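Residue-level listing of the chains:
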Amino acid sequence: MQNILVTGGAGYIGSHTVRALLKEGFKPIIIDNLVYGHKYVIKKLGNVEFIEGDIGDSKLIRQIFSRFSIDAIIHFAAYAYVGESCIDPIKYYKNNVFSSINLINEIVNFSKNQDRMIPIVFSSSCATYGIPKTIPITESTPQLPINAYGNTKLIIEKVLSDYGKAYGLSSISFRYFNAAGASSDGLIGEDHNPETHLIPLAIMATSKKSTPLSIYGNDYPTKDGTCIRDYVHVEDLANAHILGLKKLLSSDEKIIEYYNLAMGKGYSVMDIINSVEKVTNLKVNYKIGNRRIGDPSMLVANASKAFVELKWKAKHTNIDTIIKHAYLWHKKLLSKKT
Ligand SMILES: NC(=O)c1ccc[n+]([C@@H]2O[C@H](COP(=O)([O-])OP(=O)(O)OC[C@H]3O[C@@H](n4cnc5c(N)ncnc54)[C@H](O)[C@@H]3O)[C@@H](O)[C@H]2O)c1
């Protein structure tokens, strides 16, 4: 059985990937400082090795490497609030850059005495593309981030590339578009606090008690004036990690690769609201506000590189299904909290 260290495994995408790893016969070992992750998620994952700690703690990382024979790493741990990253970039550079480099340095230092470098799968982001000139976005679209968060992700992609060339570290960076939905069996789902993602916010706005959902601008050059985004079911993202991991583990060659994880189909904010109303049979309470600085009108990507090279195939391509899973999870979460 191969041991996979999963940083940020108590978080949203990390926990779904841990489930996918278990299903595929891997042994996941989670490290999470629980700043945004949840202990109840770890319990739901069953009999999984969990280390409460920080990836910036070199001593702890060294202990993990010597205690478990780690075959590969999937690195989710990061802060991911774009707005906050511009107000408090120190927080983002410290965690997403310093702590990630700390982890990657420990991988290289430890692997030097082993017969092979421990490969890494890294959670990058569509935020590294900034405001693209052409749509759909491909992996060769210029990466010009427009916020601190996007910069931190691009820096780690570059670190992985430089370390790959110099030390033979193999890596796959997945540039996710909007992760959405919840596990299809309703066991786990999205539980961010604060929540900033459109689908959970639109679902919350179906409650009469909630404040209205703000739509940031309806004068964009799109069919209904609202911004268009590309949504990927979280279980499909998780499965892409398994494929990336298998590619890294089975290759004797050094790999430094980048893949978009997207559906190639865009939905406007109004499309999402309409789908939430259809799925829940409830009205979404919303108001039109001003545009936010730095919101591109459309972010839709081409993921054919992952489809062809990794044989990645998305199972949940219908937006109503994604929203249905998110809604079922939301109801469960509410009943847990009340
Ligand atoms: N959710 C999305 O749509 C999306 C899109 C693009 C990229 N990403 C990236 O994917 C990754 C996972 O996103 P998510 O939505 O699951 O976020 P999340 O906040 O739910 O999960 C991140 C986890 O990492 C943990 N963590 C953060 N810093 C840590 C540290 N220094 N040491 C140990 N644990 C730490 C948090 O406690 C949390 O459990 C992040 O790197 C994010 O930037 C997410």
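Residues numbered from 1 in each chain as written. Predicted model: local features only at pLDDT ≥ 70, side-chain atom pairs only at ≥ 80, totals over all residues. Heavy atoms only, no water.

Trainee: Lay out the side chain of histidine 316 with the relevant residues and their values.
Mentor: Here histidine 316 lies in the loop between helix H10 (304–309) and helix H11 (319–337). For histidine 316, the side chain forms a polar contact with the side chain of glutamate 235, separated by 3.1 Å. The contact partners of histidine 316, leaving out residues within four places of it in the chain, are Ser184, His233, Glu235, Asp236, Thr321, Ile322 and His325. (Helix = DSSP H or I, 4+ residues; strand = E, 2+ residues; numbered from the N terminus. Polar contact = N/O pair within 3.5 Å; in protein donor to acceptor, adjacent residues only side chain to side chain. Contact = heavy atoms within 4.5 Å.)

Trainee: Residue-level account of the domain arrangement of the protein, with values.
Mentor: Parsing the protein into structural domains produces domain 1 (3–180 + 232–261) and domain 2 (198–230 + 264–337). A C-alpha centroid distance of 25 Å is found between domain 1 and domain 2. At the interface, 29 residues of domain 1 touch 26 residues of domain 2. Roughly 2400 Å² of surface becomes buried between domain 1 and domain 2 when both sides are summed, with 65% attributable to carbon and sulfur atoms. Applying the counting rule to domain 1 against domain 2 returns 1 salt bridge. Where glutamate 257 meets lysine 305, a salt bridge forms, and the shortest distance between an N and an O atom there is 2.5 Å. Here domain 1 and domain 2 share 12 residue pairs in polar contact (both at pLDDT 80 or more) between them. (Domains from an automatic or database assignment. Buried area = accessible area lost by both parts, 1.4 Å probe. Salt bridge = Lys/Arg side-chain N within 4 Å of Asp/Glu carboxyl O.)

Trainee: I'd like a description of the sheet that holds strand E1 (residues 3–7), backed by residues and values.
Mentor: Pairing is parallel across the open sheet formed by 7 strands, whose spatial order is E3-E2-E1-E4-E5-E6-E10. Of all the strands in the sheet, just strand E3 (49–52) and strand E10 (256–261) have a single pairing partner and so form its edges. Averaged over all pairs of adjacent strands, the angle between their axes in this sheet comes to 20°, without regard to strand direction. Across 5 bridges, E1 lies against strand E4 (residues 70–75) in parallel orientation. Each bridged residue has a counterpart across the sheet, and for leucine 5 the counterpart in E4 is isoleucine 73. Lying on the sheet, helix H6 (residues 148–167) is in contact with strand E5 (120–125), strand E6 (171–176) and E10; it crosses E5 at an angle near 150°. (Pairing = 2+ DSSP bridges. Axes fitted to C-alpha atoms, helices over the stretch in contact; angles between N-to-C directions.)

Trainee: Quick one: what's the story with the pattern of salt bridges, residue by residue and with numbers?
Mentor: When their charged atoms lie close together, side chains carrying opposite charge are able to pair. Taken as a whole, this structure holds 15 salt bridges when the rule is applied. Lysine 91 serves as the salt-bridge partner of glutamate 84, at 3.1 Å between the closest nitrogen and oxygen. Taking the relative accessible area as the measure of exposure, glutamate 84 reaches 27% and is therefore partly exposed. One salt bridge in this structure joins aspartate 271 and lysine 223, with 2.8 Å as the shortest N-O distance. With a gap of 48 residues between them, aspartate 271 in helix H9 (residues 269–280) and lysine 223 in the loop between strand E8 (213–216) and strand E9 (228–233) connect regions that are remote in the sequence. Look at the salt bridges and you will find they share partners, linking Lys27, Glu49 and Arg67 into a network. (Buried < 20%, exposed > 50% of the residue type's maximum accessible area, 1.4 Å probe, protein only.)

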